Amino acid sequence: MDNDFYDIIIIGAGLSGIGAACHLTRKNPEKSYLILESRESLGGTWDLFKYPGVRSDSDMYTFGYSFKTWDDAKSFADAPSILKYLNEASREYNVNDKITYNQRAISYDFNSKNNLWYITTVHTKSNNRTTYTSKFIFNCSGYYNYDRGYTPNYKGLADYKGEFVHPQNWPKNLELDHRKVVVIGSGATAVTIVPKIAETVSHITMLQRSPTYVGALPNKDVVAKFFKFILPKKMAHQAIRIKNVVLDMAFFNACRKWPNTMKKYIVKKAQKELGDVPVHPHFTPNYNPWEQRFCLAPDGDLFKSIREGKASVETDTIDHLNETGIVLESGKELKADVIVSATGLRILPLGGVSISIDGQLIDISKLFVYKGCMLSDIPNLFLFVGYTNASWTLKSDLTSEYIARVLRYMDKNNLQFICPKTKDAELKPTPLLNLNSGYIHRAKNILPNQGDKAPWRVYQNYILDYKMLRIDKINDAFATFN
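Quick look at the structure, then. (Residues numbered from 1 in each chain as written. Predicted model: local features only at pLDDT ≥ 70, side-chain atom pairs only at ≥ 80, totals over all residues. Heavy atoms only, no water.)

Within the chain, the regular secondary structure consists of 12 helices and 23 strands. Relative to a compact globule of 482 residues, whose C-alpha radius of gyration would be 23 Å, the chain shows 23 Å and is just as compact. Overall, the C-alpha framework of the chain stretches about 70 × 55 × 50 Å when taken along its three principal axes. Expressed as a percentage of the 482 residues in the chain, the buried residues total 54%. The contacts in the chain between residues at least 6 apart in sequence include a share of 70% that link residues at least 24 apart. Total accessible area on the chain is roughly 21900 Å²; 51% of this is exposed by carbon and sulfur atoms. (Helix = DSSP H or I, 4+ residues; strand = E, 2+ residues; numbered from the N terminus. Rg over C-alpha atoms; globule rule 2.2 N^0.38 Å. Buried < 20%, exposed > 50% of the residue type's maximum accessible area, 1.4 Å probe, protein only. Contact = heavy atoms within 4.5 Å. Areas by Shrake-Rupley, 256 points an atom, 1.4 Å probe, with all protein chains shown as cover.)

Inspection of the secondary structure puts Arg-241 in helix α7 (residues 233-257). Reaching out from Arg-241, the side chain makes a polar contact with the backbone oxygen of Gly-64 at a distance of 3.0 Å. With near-sequence residues (within four places) excluded, Arg-241 lies in contact with Tyr-61, Thr-62, Gly-64, Tyr-65, Ser-66, Leu-394 and Asp-397. (Polar contact = N/O pair within 3.5 Å; in protein donor to acceptor, adjacent residues only side chain to side chain.)

If you look at the biggest cluster of nonpolar residues, it comprises 97 residues, and the most contacted ones within it are Ile-10, Ile-18 and Phe-138. Examining the composition of this core, we find that 8 residues originate from one element, helix α10 (residues 392-412), more than from any other. Residues contacting Phe-138, with those up to four places away along its chain left out, are Ile-8, Ile-9, Ile-10, Ile-11, Ala-20, Leu-24, Phe-382, Phe-384 and Ile-403. (Core = buried A, V, L, I, M, F, W, Y, C linked by side-chain atoms within 4.5 Å.)

The next point concerns the sheet that holds strand β12 (residues 311-315). Spatial strand order, β7-β16-β8-β9-β12: 5 strands in an open sheet with parallel pairing. Of all the strands in the sheet, the pair left with one neighbour each is β7 (163-165) and β12. Neighbour to neighbour, the strand axes of the sheet diverge by 20° on average, direction disregarded. As defined by bridge partners, strand β8 (residues 180-184) adjoins strand β9 (residues 203-208) across 5 bridges and the pair is classed as parallel. Bridge pairing in β9 places Val-182 opposite Thr-205. (Pairing = 2+ DSSP bridges. Axes fitted to C-alpha atoms, helices over the stretch in contact; angles between N-to-C directions.)

Together, Phe-226, Phe-229 and Ile-230 make up a nonpolar patch on the protein surface, roughly 370 Å² of accessible area in all. Take Phe-226: it is sitting in helix α6 (residues 222-230). Phe-226 gets classed as partly exposed once you look at its relative accessible area, which sits at 47%. (Patch = residues over 30% accessible without salt bridge, like charges linked within 9 Å, V, L, I, M, F, W, Y side chains within 5 Å. Salt bridge = Lys/Arg side-chain N within 4 Å of Asp/Glu carboxyl O.)

For the structure on display, the rule yields 26 salt bridges. For Lys-310, the salt bridge identified is with Glu-308, shortest N-O distance 3.3 Å. Between Asp-465 and Lys-395 there is a salt bridge whose closest N-O contact spans 3.8 Å. With Asp-465 in helix α12 (residues 462-471) and Lys-395 in helix α10, the pair connects residues that are 70 residues apart, well separated along the chain. Across the pair, exposure class does not vary: Asp-465 and Lys-395 are buried alike. In this structure, a network of salt bridges that share partners links the residues Lys-68, Lys-84, Glu-88 and Glu-92.

This part covers a positive patch on the surface. Where like charges cluster on the molecular surface, the positive patch consists of Lys-74, Lys-196, Lys-220 and Lys-225. Tracing the backbone through its elements, the reader meets Lys-220 in the loop between β10 (214-217) and α6. Residue Lys-220 is classed as exposed on the basis of its relative accessible area, which comes to 55%. (Lys, Arg positive; Asp, Glu negative; His and termini not counted. Charge placed at Lys NZ, Arg CZ, Asp CG, Glu CD.)

Of note, Arg-26 is situated in helix α1 (residues 15-27). Remark: the alpha-carbon pair of Arg-26 and Ala-404, spanning 378 residues in sequence, is separated by 9.4 Å. Not counting residues within four places of it along the chain, the set of residues in contact with Arg-26 comprises Phe-67, Tyr-93 and Glu-401.

Our next topic: the pairing of strand β4 (residues 103-111). Across 8 bridges, the pairing between β4 and strand β5 (residues 116-123) is antiparallel. Residue pairing for β5: Tyr-108 is matched across the bridge by Ile-119. Taken together, β4 and the strand that follows it, β5, pair antiparallel across an intervening segment of 4 residues, in which Asn-115 is found at a positive phi of about 55°. Pairing analysis gives 4 bridges linking β4 to strand β17 (residues 354-357), with the strands arranged parallel. Residue pairing across strands places Asp-109 opposite Ser-356, the latter belonging to β17.

So, on to empty space enclosed by the protein. Gaps left between atoms are located by rolling a probe of water-molecule size over the structure's atoms. The full count for this structure, using the stated rule, is 3 cavities of 30 Å³ or more. Looking at the largest cavity, its volume works out to about 100 Å³. Along its surface, the largest cavity is lined by 13 residues, and Met-249, Asn-389, Ala-390, Gln-460 and Tyr-462 are the ones closest to its centre. Sorting elements by how many residues they give to the lining of the largest cavity places α7 first, with 6 residues. Here the residues of the lining of the largest cavity sort into 7 nonpolar, 5 polar and 1 charged. (1 Å grid on protein atoms, 1.4 Å probe; cavity = no way out; pocket = protein on both sides within 12 Å on 5 of 7 lines; lining within 4 Å. Points joined across faces, edges and corners; volume = space filled by probe spheres on them. Nonpolar A, V, L, I, M, F, W, Y, C, P; charged D, E, K, R; others polar.)

What follows concerns α7. Look at α7: 36 Å from first C-alpha to last across 25 residues, which is about the 36 Å you get at 1.5 Å a residue. For α7, the complete set of buried residues consists of Ala-236, His-237, Ile-240, Arg-241, Lys-243, Asn-244, Val-245, Met-249, Phe-252, Ala-254 and Cys-255. For α7, the secondary structure elements touched by its buried residues are α3 (60-63), α6, α8 (259-274), α10 and α12. (Expected span 1.5 Å × (residues − 1).)

The subject of this paragraph is the pairing of β9. For β9, the buried fraction is high: 5 of the 6 residues fall into the buried class. Handedness of the crossover joining β8 and β9 through helix α5 (residues 188-197): right-handed. (Right-handed = clockwise from strand over helix to strand, strands pointing away.)

Right, let's talk about the side chain of Ser-56 for a bit. One can find Ser-56 in the loop between α2 (45-48) and α3. Polar contacts involving the side chain of Ser-56 include one to the main-chain carbonyl oxygen of Ser-58, which spans 2.6 Å. Among residues more than four places away in sequence, those in contact with Ser-56 are Trp-46, Phe-63, Phe-76, Ala-77 and Ile-82.

So, to be careful, I would describe these as geometric facts and stop short of saying anything about function.
As structure tokens, then:
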């Protein structure tokens, strides 16, 4: 084999890619691997986004890795803290020297004669192409387009004389002091930016087409602090992690089972946080809890900004932009020196690579996801996809644990490839992701499908996934080995 051959090629040095590499070192140390990263540094999302206050909206005891404790007092960490954590993990498991930067993967081609993948990359600066060879691919490239976010086609945008930015491409020296700012959107990004810059701007308005459920949670977990006091560090981390997994699952399932009761509870809590500011119409969504992603305001920071009059919310539709701001369909005009279009992401499955088998191009939108981490009819390719209703890393950790089992099973039985086969003509395709969010709707024709029965169902349930990936046998009726 040449110097560019590895047992495993990992695509992406973000949260999933670094985690996968650490798991390999822990569970399959005999395997050689290389991480190909298209950017100049590790961290993925947490290195890319530079907007004010960028942070995780999942608690770090579950958003962090199962094998590395989270030692900070804050449950909801900012990007620099997450990057510090990722760099520590990389050093501890000697991952750094196995990352090749500025290599964007553009195609994967599997050769069934020798059971090897040929990964073609382009250098992001020189445009030179390189081909790497591996037995397995771990695709850890995330799910969205790193180059640009989603911006609607605003009528009159060309007339606007102020500064217009998307959080994914936040300008380095954007001046906000004593300026009027409008943030368009009501998702996690808007809920993060608004309270963060409310202290310095003249006034900030969160303009939303429709309300989102927002809940306040303390940023310092008193139960976690108690566990850390009475238990050894690793044991405390696991205990807090289990507690948070159970609470998150209980909340999600309660929202699905008793939507009206939970809606009243969430709205009532929001009203308490808002004080004298009416909860209706800005925090009373017309959909049930967890039909779209639930937003968190650590320590109730968003509500506090609104309560103190530093921020306000408008629920209306944009008619057009003019020279000085935004004109709403109601006729109201919002003056803005800066408009922030926090309008979401562009989904890009598998980082936009083309996949072929023996030169035959594969359309992944026609395939089914197997156990949430492989695709039907594609051998030796693993996907890392996190939860939409819980911490991303909970699922990527389980995926790594499953892969470790697969690799050991294949070595023990001298096998060269694993390939899931549907074998069921009656398997019904259903949308891969279970949220009614705009960015998911926009991507429905490019994502693979899930099926209506296991192991083709994509569970949003840690316990069911734990059973399927950590306990159920590797060689089931659908995994073809050779």
